[in-house]
Amino acid sequence: MPGILRIAYKLLINDRAKYAALLVGITFAVFLMIEMTSLFSGILSRSSATVINIGASIWVMDPAIQTVANSIPLPSFMLDEVRSIPGVKYAVPLYSGSALLKLHDGTYQAANVIGLDDTSLFGRPELINGKIEDIFAENAFIAVQDSEFYKLHNPKIGDEFELNEHRGVFVGLAHVASSGLFGIPTLYTTYNRSLQYIPNTRFTITYLLVEPKTPEDVAAIKKAVTADGYLALTHDEFIAKITDFYTYHTGIGTNMMIMTLISFIIGLSISGQTFYTFILENIEKFGALKAIGAKSRELVMMILFQASFVALTGYGIGVGLCSGMIWMARLYLPDYAAIITPMNLSVAFIMVVLIAVLSSYVGVRKVLKIEPFDIFRG
Amino acid sequence: MAKAAIQAVGINKSFGQGQAMTKAVQNVTFTANFGEMLYVVGPSGSGKTTMLSMISGILRPDSGTVKLLDTDIWSLSSDDLADFRLHKIGFVFQDYHLFPRLTTAENVAIPLILQKRDWDEAIAEAKKDLEIVGLKGRADMPPVSLSGGEQQRVAIARAIISRPDILILDEPTASLDGDTGRNIVSFVRTKILTDKSCIVIITHDSRIYEFADRIVKMEDGKVTDADMENLNAQ
Ligand SMILES: Nc1ncnc2c1ncn2[C@@H]1O[C@H](COP(=O)(O)OP(=O)(O)OP(=O)(O)O)[C@@H](O)[C@H]1O
Ligand SMILES: [Mg+2]
């Protein structure tokens, strides 16, 4: 490390009180920013759980749909219509709706029921217990063993329940990639059985799941579906649409952004203020360095080094604390949704860099302005 | 004839404008030679610090030239001038300006560190110089734990560590008691001054006049040579 940076480092960390205040400011800001954005990422990922878990390439839906949670059924002729589009390898219907279960001890529990196409079982979950063929057995349902599973009273294979006065029986336990947002358990069954158990309107297809023959066919499929007055979205587009809805039309996103901004401002004011006093306290010494023969550029480097050192250390501690807290929270709260994504880390990183830049800007200006003559004059 | 270390010709400096203008230094011509310990004395506000700042490359004169070791310093770029100061001039500021968060040795090593010398080497040399100024064993203490006189010695050690040709001290004894002040200046005279260097001291302190080779008097921004007896009598 160049000597002047080593001096800068010593000036910084030997001033324990200010160094601690700087670290606390940045760590706190990073912690809050990552916590907020991770919670939001968790919510977003859960809001698209069905899309992620089913995993189809193209989803055909009513154009008015904003999230997987509000279903607007499609007329059954659309199935044939889509199947006849050139470039479609296959298309299957999917049912997704909610129902009220009466568990064996008589308590009621809402659940999300997904009906898979009877012939292909396209979008089926990975079973951790039981066989997927059993889904065709009488009254068969597969329960998803996610964070909401306990609300079904942790059933075993063979346990029975009632769904709209129909008998249901658990024939398997499944694992899925993402838990849902709404805090209710998920059951899988066949498309036809879901129609049979859950009362419906004239139209019954919630989504049409489409696989194109080649990725190049996607554009043509989307165009053809649009011509029929419906909407075809790729897996990623559908997730983006849902994300958009939760971000901009529910208040969750705005609140999250406000909180992140507040964390940023708090971090900036604590660190900026402390760093400013730190520079002020040393300003005459910086002036003396200038008189002795340090170049302005070298003094600026010292300040930038100090600012980035504090910023990076605070960032590291903040990220560590936040992951620790999320890990702890998950131990006790299975529903805790926060996930730290590379995106959250980058957002917090950019914010921290901004804090460092803004804090050092004032210091750099001070140091550039100081005249060694004034130091000499005393 | 002695060779000139510092040659200032017709330097001027004023501050402010119009009615409020102060002519701090007026048409000063000034020479200091190698092997010489020179004092600049004069009443407060007479322009001593202003003149010395111009002579040592810290404050640009309004007009006039300054040659140090045959270099016209005010024709250098600001980076070159900074390098010149770093390698050729040592400064002792009136209130020391030591970093309280660095050790004494680290403070002393700063000019060498700015010269991009190896850290350990610089610290080792700083320790040697601390020994020279009589502060053996204080190297790892913070400067604030030292007395005023000791801190002044630290500042001197820092000023001489790169063995500058020109050493500038502004009121080095102002905040010291009589004996301490005399000891320090006597030390500088006997241990630091060589026939290859030149020392300029600004002072008000008549108790240290005896160490000067020559005393230059400033009044209202002008320099007049003064003889010692006159000054001592004042
Ligand atoms: N930056 C400045 N702005 C305005 N006036 C200044 C400035 N620096 C010096 N002066 C004025 O120039 C004159 C000479 O000041 P200088 O500091 O050189 O005096 P000095 O002889 O060193 O005095 P002292 O013995 O009190 O240190 C004074 O009248 C002072 O007020
Ligand atoms: Mg002065």
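Residues numbered from 1 in each chain as written. Chains lettered and ligands numbered in written order. Predicted model: local features only at pLDDT ≥ 70, side-chain atom pairs only at ≥ 80, totals over all residues. Heavy atoms only, no water.

1. Concerning the pairing of strand β8 (residues 198-202) of chain B
Residue and element names in this part refer to chain B.
Move 1: Most of β8 is tucked away, with five of its five residues classed as buried.
Move 2: A two-sided burial pattern is seen for β8, the buried positions comprising Cys198, Val200 and Ile202 on one face and Ile199 and Ile201 on the other.
Move 3: Both strand β7 (residues 166-170) and β8 contribute to a ladder of five bridges, which runs parallel. Each residue of the ladder has a partner; that of Leu169, found in β8, is Ile201.
Move 4: The parallel pair β7 and β8 is bridged by helix α6 (residues 178-192), and the resulting crossover is right-handed. (Buried < 20%, exposed > 50% of the residue type's maximum accessible area, 1.4 Å probe, protein only. Helix = DSSP H or I, 4+ residues; strand = E, 2+ residues; numbered from the N terminus. Pairing = 2+ DSSP bridges. Right-handed = clockwise from strand over helix to strand, strands pointing away.)

2. Structural notes on the domain arrangement of chain A
Interfaces are often described in size by the accessible area the parts lose on coming together.
All names here are of chain A.
Move 1: Once the domains are mapped, chain A shows domain 1 (3-46 + 251-377) and domain 2 (75-229).
Move 2: Computed from C-alpha atoms alone, the centre-to-centre distance between domain 1 and domain 2 is 48 Å.
Move 3: Between domain 1 and domain 2 the total buried area reaches about 510 Å² when both faces are included, carbon and sulfur atoms providing 46% of it.
Move 4: Its largest share of buried area at the contact with domain 2, domain 1 owes to Arg46, Pro334 and Asp335, together 80% of the area lost on that side.
Move 5: One can count zero salt bridges joining domain 1 with domain 2. (Domains from an automatic or database assignment. Buried area = accessible area lost by both parts, 1.4 Å probe. Salt bridge = Lys/Arg side-chain N within 4 Å of Asp/Glu carboxyl O.)

3. Brief notes about the pattern of salt bridges
Residues and elements named next belong to chain B.
Move 1: Here the structure, examined in full by the defined rule, presents 23 salt bridges over all chains.
Move 2: Across the pair Glu36 and Arg214 runs a salt bridge, and its minimum N-O distance is 2.8 Å. Here Arg214 lies in strand β9 (residues 214-219) and Glu36 lies in strand β3 (residues 36-41), a separation of 178 residues in the sequence.
Move 3: Judged by relative accessible area, Glu36 falls into the buried class, the value being 10%.
Move 4: One salt bridge connects Glu125 with Arg117, and the closest N-O pair in it is separated by 2.5 Å.
Move 5: Take Glu125: its relative accessible area is 25%, and that puts it in the partly exposed class.
Move 6: Take Arg117: its relative accessible area is 27%, and that puts it in the partly exposed class.

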